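What follows is the residue order along each chain.
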Amino acid sequence: MAFFWRRNKEDKFSTSVLGLDKSMEELRAQEQAVERELGVRFSKAIEKTRNSINNRLDTIFESRKQIDEQFLDELEEMLISTDIGVSTTMQVLDSVRRGVSRQEINDLAALKEAMKRELLGILRHSEELGVADERNVDLSIKPYVLMVVGVNGVGKTTTIGKLAQRIKSEGNDVLICAADTFRAAASDQLEIWAGRAGVQIVQQKQGTDPAAVLYDSLQAAKSRNADVLIVDTAGRLHNKANLMAELEKMKRVAGREVSEAPHETLLVIDAVTGQNGLEQARQFMKTANVTGVVLTKLDGTAKGGIAVAIAKELSLPIRYVGVGEQVNDLMVFDPESYVNGLFS
């Protein structure tokens, strides 16, 4: 379970060693302890989905001497019930059929391994597109601009607050841009989260041109030598033409002021909404150059297979997952931990 956001982990790590006067072994032990804790919390977050998958698999495999078409029909129904998606389900079933015909799959353990390989392959393939790792961007570029998009109610504001806390806690200077000036409550909520995270925020009155707020924020970030600028955006979809124009203008302003900005555009999706969230995502894909996904409320659903559906349908990496309400309940998504956690 990866937990570092750092763009330059080695340099930051060396600085930590000098600043804290701790041995490399002690710091690595701390890292490993945190990794273990995050692994446990992540496993707990997908517990509902894991129980749903394993209980159903045990039931449909019970008393069977072979994998036949009736079994595959039941397996198809089980996979779709986790919101894994029809396309992904068909891909998994095709793989299982090939394994059965080659006599490679003849028990439940072999079946699970085959399914895990297929799901992990889908998630790994999605990492080839978008931005799967912030450290791929030139380290000399400052500030690193993260634009966050998503419909109202998916946890966008909460995600920005958690992300700011996470990045700041690892030694980075963070600034938040409150560019959702359409909704008065958005800026107020973001101010509360900025206070919790202990980071500064740039705000203007309701109705101000979002691109103007972004411009001021970029100037502030450069003058303060900030490492990261996190940009909130409007979450309305009822007027797509205006939203598209607004996002396009913001991207132009960002790119003019900072090379290659925005470096990431993260789309926030509520895991509980399942396939409805995917439809929302498709709408945003038309209006924003989305590079990755944040999946919130993963701990609140038994349909956590939506993570695979998102990766396959959108061809985008899942960057983070929200697993609770606290400020530190945002984790870097690790495909292997996720897939293993579904079947363990």
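Structure's up top.
Everything numeric in this text was worked out from a predicted model, so none of it was measured.

Procedures and definitions
- Residues numbered from 1 in each chain as written.
- Predicted model: local features only at pLDDT ≥ 70, side-chain atom pairs only at ≥ 80, totals over all residues.
- Heavy atoms only, no water.
- Helix = DSSP H or I, 4+ residues; strand = E, 2+ residues; numbered from the N terminus.
- Buried < 20%, exposed > 50% of the residue type's maximum accessible area, 1.4 Å probe, protein only.
- Contact = heavy atoms within 4.5 Å.
- Areas by Shrake-Rupley, 256 points an atom, 1.4 Å probe, with all protein chains shown as cover.
- Patch = residues over 30% accessible without salt bridge, like charges linked within 9 Å, V, L, I, M, F, W, Y side chains within 5 Å.
- Salt bridge = Lys/Arg side-chain N within 4 Å of Asp/Glu carboxyl O.
- Pairing = 2+ DSSP bridges.
- Axes fitted to C-alpha atoms, helices over the stretch in contact; angles between N-to-C directions.
- Expected span 1.5 Å × (residues − 1).
- Arc of directions from axis to C-beta.
- Right-handed = clockwise from strand over helix to strand, strands pointing away.

Here we look at the overall build of the protein
Okay, so step 1: Each helix and strand in the protein was counted, giving 13 helices and eight strands.
Okay, so step 2: Scored against the burial criterion, the 344 residues of the protein give a buried share of 53%.
Okay, so step 3: Considering only contacts within the protein whose residues lie at least 6 apart along the sequence, 78% involve residues at least 24 apart.
Okay, so step 4: Total accessible area on the protein stands at roughly 15,200 Å², and carbon and sulfur atoms take up 46% of it.

Concerning a nonpolar patch on the surface
Okay, so step 1: A contiguous nonpolar surface patch, about 230 Å² in accessible area, is contributed by I80, V86 and M90.
Okay, so step 2: Within the secondary structure layout, M90 lies in helix α5 (residues 86-101).
Okay, so step 3: Look at M90 and you get partly exposed, because its relative accessible area is 32%.

Side note on the environment of D83
Okay, so step 1: Among the structural elements, D83 can be located in the loop between α4 (69-81) and α5.
Okay, so step 2: The spatial distance from the C-alpha of D83 to the C-alpha of I306 is 5.0 Å, given a sequence separation of 223 residues.
Okay, so step 3: When neighbours within four sequence positions are excluded, D83 is seen to be in contact with G274, Q275, K303, G305, I306 and A309.

What to know about the side chain of N54
Okay, so step 1: With respect to the helices and strands, the residue N54 is situated in helix α3 (residues 47-61).
Okay, so step 2: The buried category is assigned to N54, whose relative accessible area is 9%.
Okay, so step 3: Ignoring anything within four residues of it in the chain, the contact list for N54 reads K112, L342, F343 and S344.

Here's the deal with the sheet that holds strand β5 (residues 264-270)
Okay, so step 1: Strand order in the open sheet formed by eight strands is β3-β2-β4-β1-β5-β6-β7-β8, with mixed pairing between adjacent strands. Two strands in the sheet have a free side with no partner beyond their single neighbour: β3 (200-202) and β8 (330-332). Going across the sheet, the axis of each strand differs from the next one's by a mean of 25°, ignoring polarity.
Okay, so step 2: Pairing of strand β7 (residues 318-322) with β8, which is carried by three bridges, proceeds in the antiparallel orientation. Residue pairing for β8: G322 is matched across the bridge by L330.
Okay, so step 3: Contacting β1 (144-149), β2 (174-178), β4 (228-232), β5, β6 (292-296), β7 and β8, helix α7 (residues 156-169) runs over the sheet at an angle of about 175° to β4.
Okay, so step 4: Contacting β2, β3 and β4, helix α8 (residues 184-197) runs over the sheet at an angle of about 170° to β2.

Considering α8
Okay, so step 1: Over its 14 residues, α8 extends 21 Å from the first C-alpha to the last, a length consistent with the 20 Å expected when each residue adds 1.5 Å.
Okay, so step 2: Taken together, the buried positions of α8 are A186, S187, L190, W193, A194 and A197. On an axial view of α8, the arc spanned by its buried residues comes to 125°, and they lie on one face. For α8, the exposed residues set more than 90 degrees away from the buried face come down to I192, G195 and R196.

A short note on the pairing of β2
Okay, so step 1: Burial of β2 is extensive: five of the five residues sit out of reach of the surface.
Okay, so step 2: The two faces of β2 match: V174, I176 and A178 on one face and L175 and C177 on the other face are all buried.
Okay, so step 3: When β2 meets β4, the two strands line up parallel, connected through five bridges. Bridging from a neighbouring strand, V174 pairs with V228 of β4.
Okay, so step 4: With three bridges connecting them, β2 and β3 associate as parallel partners. The residue of β3 that forms the bridge with I176 is I201.
Okay, so step 5: In this fold, β2 hands off to α8, which returns the chain to β3; that crossover is right-handed.

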